[in-house]
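Each chain, letter by letter, is given below.
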Amino acid sequence: MNKQLSSSLTFFDKYLFFPIWCGWLGYSTIMLYIKNDPKKYTWFLMWLFGGLLIFIFTHNLKKVTISGDRLEVSNYLKTINIPISEILHIRENRIINFHPISIYFKNPTDFGSKITFMPVSRLFLPFGTHPIHKELDALINNETTP
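Thresholds applied
- Residues numbered from 1 in each chain as written.
- Predicted model: local features only at pLDDT ≥ 70, side-chain atom pairs only at ≥ 80, totals over all residues.
- Heavy atoms only, no water.
- Helix = DSSP H or I, 4+ residues; strand = E, 2+ residues; numbered from the N terminus.
- Buried < 20%, exposed > 50% of the residue type's maximum accessible area, 1.4 Å probe, protein only.
- Core = buried A, V, L, I, M, F, W, Y, C linked by side-chain atoms within 4.5 Å.
- Contact = heavy atoms within 4.5 Å.
- Axes fitted to C-alpha atoms, helices over the stretch in contact; angles between N-to-C directions.
- Parallel < 35°, antiparallel > 145°, perpendicular 65-115°, else oblique.
- Nonpolar A, V, L, I, M, F, W, Y, C, P; charged D, E, K, R; others polar.

## Some thoughts on the environment of P131
Move 1: Counting through the fold element by element, P131 comes out in helix α3 (residues 131-144).
Move 2: Judged by its relative accessible area of 47%, P131 falls in the partly exposed class.
Move 3: In the structure, P131 is positioned eleven residues away from V120 in sequence and 9.6 Å away in space, judged by C-alpha atoms.

## Some points on the nonpolar core
Move 1: Formed by 19 residues in total, the largest nonpolar core has its most connected members in L5, L71, I87, I103, F117 and L136.
Move 2: Of all the elements in the fold, those that place two or more residues in this core are β2 (63-67), β3 (70-74), β4 (79-83), β5 (87-92), β6 (101-109), β7 (112-117) and α3.
Move 3: The residues contacting I103, other than those within four sequence positions of it, are L71, I87, H89, I90, S113, K114, I115, F117 and L136.

## So, the packing of helix α1 (residues 10-34) against helix α2 (residues 40-58)
Move 1: In the contact formed by α1 and α2, the axes pass within 9 Å of each other and the chain directions differ by 170°. Here α1 lies roughly antiparallel to α2, going by the angle between them.
Move 2: Residue composition of the contact of α1 with α2, by class: 15 nonpolar, six polar and three charged.

Okay, here's the thing in structure tokens:
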């Protein structure tokens, strides 16, 4: 049984959102410079820092699926399988809107010692623990229980 843990928007956020956002704001900033609008400096700073933040939060996102006793992790170019027993611990960033979840591994994988994914969206409890985080915690606790 396969269960996708990451959002279906992962591909869009990882590969499309950054260039679309930077292209739109970059074009707008250039138009303000051409018109010599005083807002041009503000827009330039929004373009620069906003683009940097979007890049930082999205370029490492992975697609994650549970398949039996393994995690299938993909960056859309390469897919690897990691045993659930390799999970060391899980962290969730509740400050960021999409609550990215990071999984830390006991041993390095082809994607490093940590992977981050954007879990499926939920409508309520924006500051609570995401159900997928709870599910992964329960899964690794069952896995490590003798």
